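Spelled out, the chains give:
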Amino acid sequence: MSKKPYYITTAIAYTSGKPHIGNTYEIVLADSIARFKRQQGNEVYFQTGTDEHGQKIENKAADAGVSPKEYVDNIAGQIKNIWDLMNTSYDKFIRTTDTYHEKQIQKIFKKLYDQGDIYKGFYEGLYCTPCESFFTQSQLVDGKCPDCGAEVSPAKEEAYFLKLSKYTDRLIEHINTHPEFIQPESRKNEMMNNFLIPGLQDLCVSRTSFKWGIPVDFDDRHVVYVWLDALSNYITGLGYDVDGNNGELYNKFWPADLHLIGKDILRFHTIYWPIMLMALDVPLPKQVFGHPWLLQGEGKMSKSKGNVLYADELVDFFGVDAVRYFVLHEMPFENDGVITWELMVERMNSELANTLGNLVNRTISMSNKYFNGVVNNTNVNEAVDNELVKLVTETPAKVAAKMDQLKVADAISEIFTLFKRCNKYIDETMPWALAKEEEKKPRLETVLYHLVESISVGASLLSSFMPETAAKILSQLNAKERSLEELKEFGKYPSGTKVTESPEILFARLDMNEVLQKVEERKVVLGAVNEVPNVTEDTEVIAENTTMDIPAKEEIGFDDFMKMQFQVGEIIACEEVPKSKKLLCSQVKIGSQVKQIVSGIKAYYTPEEMVGKKVMVLVNLKPAKLAGVLSEGMLLCAEDENGILSLMVPEKKMPSGAEIR
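Residues numbered from 1 in each chain as written. Predicted model: local features only at pLDDT ≥ 70, side-chain atom pairs only at ≥ 80, totals over all residues. Heavy atoms only, no water.

Participant: Explain the packing of aromatic side chains to me, please; I cannot follow it from the model alone.
Facilitator: Each pair of aromatic rings is reported with the distance of its centres and the angle of its planes. Summed over the entire model, instances satisfying the criterion amount to 22 aromatic pairs. Ring centres 5.9 Å apart and planes at 80° place the aromatic pair Tyr 160 and Phe 218 in the edge-to-face group. With Tyr 160 in strand S7 (residues 153-162) and Phe 218 in the loop between strand S10 (206-207) and strand S11 (223-224), the pair connects residues that are 58 residues apart, well separated along the chain. Accessibility expressed as a relative area gives 2% for Tyr 160, which makes it buried. Given a relative accessible area of 28%, Phe 218 falls into the partly exposed group. Relative to Phe 268, the ring of Trp 227 has its centre 3.8 Å away and its plane inclined at 5°; by these criteria the two rings are stacked. (Phe/Tyr/Trp six-rings, centres within 6.5 Å; stacked < 30°, edge-to-face > 60°. Helix = DSSP H or I, 4+ residues; strand = E, 2+ residues; numbered from the N terminus. Buried < 20%, exposed > 50% of the residue type's maximum accessible area, 1.4 Å probe, protein only.)

Structure, rendered in structure tokens:
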């Protein structure tokens, strides 16, 4: 019997920088769904990749002194390395700079233009550079971008537009007749009430103000706007061809079964993308799932907030599967999840080391101690066995039901309920007591067989979420991974099989204080986790408000002066420090690194005025907390006789990172 095709995609990662753990969560989530679908017997095609065009990339490349292609090659490599580090089983890693993709985008643009769905016009509106999106005044939230919260600025240029209004009624009808199309339900209501029902403005699909994009081949002043370019990867990656010469993968796997994306880009995937497909006369994807965010502490993870966690750092502390377990299990279906170092250590110790690791170790150790590792089913059953067997045989269906609803965290909870029941079974049967009486050895053999069989079932189910751990467990039990069909029957573990003589510790317990100390030593910015000396706002202001008439300080020698490191930095993001009347928090790019610097200049500069400035920075100042926010340097300012502060800026154009001598 042929396998049913299943096509799943993630949003393609934007190559503006290294992805944080919140970005990484999406690829791990998609991987767990793809692996489970394979275990169900589907033929899965799992696509991910990178979005590599746009003004933001062009600007970043210029700042770095490299070509845009060199810049995206580097970042795309970093992203792919992290996806591989997290053991994700994608089948295709597409890049929007791939030649085939670029050619098809040009053909898509031309087709839509020729049939009248794209027309040339003139755009004047409010533009968000990070999102590369135009907005009207009414769409802004508190005067800022409704998607990312960044400042917007007036922009005016010639552009091509996609006629969204032409297809709005058709899209509304599709959403109403396909309730599964947008999930969760709350996301569908948001799209309908906030965008579709009020009416859509036609979408800008080209730009002339920058060059790093796919050229419109019949009007080379224009490059294709990022969303038409990026969204089309879902079909070009399968070999879609505008002329109808579609590849085998497209014919087999389209329409997509699931687009897995962050809730912040839902509008693009559930409004713009379906309309593009309607205009191309291409079937719509079956489902778009807008997953929640993984928050650090109580806020969205972002470099501008200085609360970013990276997957490779977490893996260094906890290992790949522990990180996979955490991000999958701690994310609710619809609401945002939270990640902290403390919570990860707690889960590592209580659930991974104790519930799972200790269970496997105890079971194998008892099998070796009492029967030289040989596990026999002597069928000496008692009533206490029935509850365990019933739960084990019911768990695969429960997990499958949760996965069909994309409730991955709940599916993992079902598996760990099985492992917890195994631990309870040990307490109920007391193998150590049975071992003391020779006539009860057959009963002891049955008890250990039930444990090994139950753990084997749990490990097979766990393989979609923690593949390395599942493989280690099955290897130590000398068992094979089973399909979901094979898991329906209890007792498939071959009687007489010998387990490993030396069980491997799957997860070691961690000391909370030691972990937090290591975090501090590595200077990971984690808010309350970092213990650095507190400094008052007044102290900070004195440090920066240097006047012309202050008393002379003690002379220092040349060696003392040489200890201070001054460089040119570029402010790439800035925001007010909550509950502070004086402080601004800036993300300052200095060469290849970004430092968070808190400054008492709120009375003289707005956050939007700060962004883009080249400034002089004391970069090796010992980190300190100002109003509870970590500061990793100092911006140099001058003060006039009226007490007005002015940032010290280079007289000539200087690159970020240039040394000040």
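Back to the write-up after that little detour.
Participant: Even after reading the chapter, I still don't get the sheet that holds strand S5 (residues 118-128), so can you show me in this structure?
Facilitator: The pairing of strands in a sheet happens through backbone hydrogen bonds and is either parallel or antiparallel. Pairing within the open sheet is antiparallel, and its four strands lie in the order S6-S5-S7-S9. Either end of the sheet is taken by a strand with one partner, and the two such strands are strand S6 (133-135) and strand S9 (203-204). Alignment of S7 against S9, held across two bridges, turns out to be antiparallel. In the strand pairing of S9, Phe 161 is matched with Cys 204. (Pairing = 2+ DSSP bridges.)

Participant: Explain the packing of helix H11 (residues 311-318) against helix H13 (residues 341-371) to me, please; I cannot follow it from the model alone.
Facilitator: Pairs of packed helices are described in terms of their axes, by the angle between the two and the distance that separates them. At a closest axis distance of 12 Å, the pairing of H11 and H13 adopts a crossing angle of 40°. When the interaxial angle is binned, H11 and H13 end up oblique. As for the relative orientation of H11 and H13, their crossing is right-handed in sense. Counting all contacts with H11, which are made through Glu 313, Leu 314, Phe 317 and Phe 318, the residues of H13 involved are Trp 341, Met 344, Val 345 and Met 348. When the residues that make up the contact of H11 with H13 are grouped by side-chain class, the tally is seven nonpolar, no polar and one charged. (Axes fitted to C-alpha atoms, helices over the stretch in contact; angles between N-to-C directions. Parallel < 35°, antiparallel > 145°, perpendicular 65-115°, else oblique. Left-handed = near helix turned anticlockwise from the far one by under 90°. Contact = heavy atoms within 4.5 Å. Nonpolar A, V, L, I, M, F, W, Y, C, P; charged D, E, K, R; others polar.)

Participant: Would you mind going over the pattern of salt bridges with me for this structure?
Facilitator: The full count for this structure, using the stated rule, is 40 salt bridges. One salt bridge connects Glu 504 with Lys 472, and the closest N-O pair in it is separated by 3.5 Å. One end of the pair, Glu 504, is in the loop between strand S18 (497-498) and helix H19 (512-521); the other, Lys 472, is in helix H18 (residues 467-476), with 32 residues separating them in the sequence. In this structure Glu 504 comes out as partly exposed when scored by relative accessible area, which is 37%. (Salt bridge = Lys/Arg side-chain N within 4 Å of Asp/Glu carboxyl O.)

Participant: Mind showing me how you'd approach the packing of helix H1 (residues 21-39) against helix H14 (residues 383-404) here?
Facilitator: For the pair H1 and H14, the least separation of the axes is 11 Å and the interaxial angle reads 130°. With respect to H14, the axis of H1 lies oblique. With respect to the hand of their crossing, H1 and H14 are arranged in left-handed fashion. On H14, the residues touching Ser 32, Ile 33, Phe 36 and Lys 37 of H1 are Val 399, Ala 400, Met 403 and Asp 404. Looking at the contact of H1 with H14, its residues break down into five nonpolar, one polar and two charged.

Participant: What is the right way to look at the side chain of Lys 37 in this model?
Facilitator: With respect to the helices and strands, Lys 37 occurs in helix H1. Judged by its relative accessible area of 16%, Lys 37 is buried. For Lys 37, the contacting residues outside a window of four places in its chain are Tyr 6, Asn 42, Val 44 and Asp 404.

Participant: Is there a simple way to think about a nonpolar patch on the surface in this case?
Facilitator: On the surface, Ile 556, Phe 561 and Met 564 cluster together into a nonpolar patch covering about 260 Å² of accessible area. Here Phe 561 shows up in helix H21 (residues 558-562). The class for Phe 561 is partly exposed, based on a relative accessible area of 37%. (Patch = residues over 30% accessible without salt bridge, like charges linked within 9 Å, V, L, I, M, F, W, Y side chains within 5 Å. Areas by Shrake-Rupley, 256 points an atom, 1.4 Å probe, with all protein chains shown as cover.)

Participant: Hey, could you run me through the sheet that holds strand S26 (residues 634-635) in this one?
Facilitator: Strand order in this open sheet of five strands is S22-S21-S20-S23-S26, and the pairing throughout is antiparallel. A single partner strand is all that each edge strand has here, and the edge strands are strand S22 (593-599) and S26. Judged from the six bridges that link them, strand S20 (residues 566-576) and strand S21 (residues 584-590) form a sheet pairing that is antiparallel. Bridging across to S21, Ile 571 finds its partner in Val 588.

Participant: Is there a simple way to think about the environment of Gln 596 in this case?
Facilitator: Examined against the element boundaries, Gln 596 turns out to sit in strand S22. Through-space distance from the C-alpha of Gln 596 to that of Glu 632 is 5.6 Å; in sequence the pair is 36 residues apart. Separated by 2.9 Å, the side chains of Gln 596 and Gln 587 make a polar contact. (Polar contact = N/O pair within 3.5 Å; in protein donor to acceptor, adjacent residues only side chain to side chain.)

Participant: Can you help me understand the pairing of strand S13 (residues 288-291) in this one?
Facilitator: For a regular strand, side-chain orientation follows a simple rule: the groups alternate between the two sheet faces. Neither face of S13 is open: one carries Val 288 and Gly 290, the other Phe 289 and His 291, and all of them are buried. Of the strand pairs in this sheet, strand S8 (residues 182-183) and S13 are connected by two bridges, and their pairing is parallel. Considered in S13, the bridge of Gln 183 is made with Phe 289. Bridge count between strand S12 (residues 258-262) and S13: four bridges; the pairing is parallel. The residue bridging His 259 from the neighbouring strand is Val 288, located in S13. Regarding the hand of the β-α-β motif, the stretch spanning S12, helix H10 (residues 266-280) and S13 is right-handed. (Right-handed = clockwise from strand over helix to strand, strands pointing away.)

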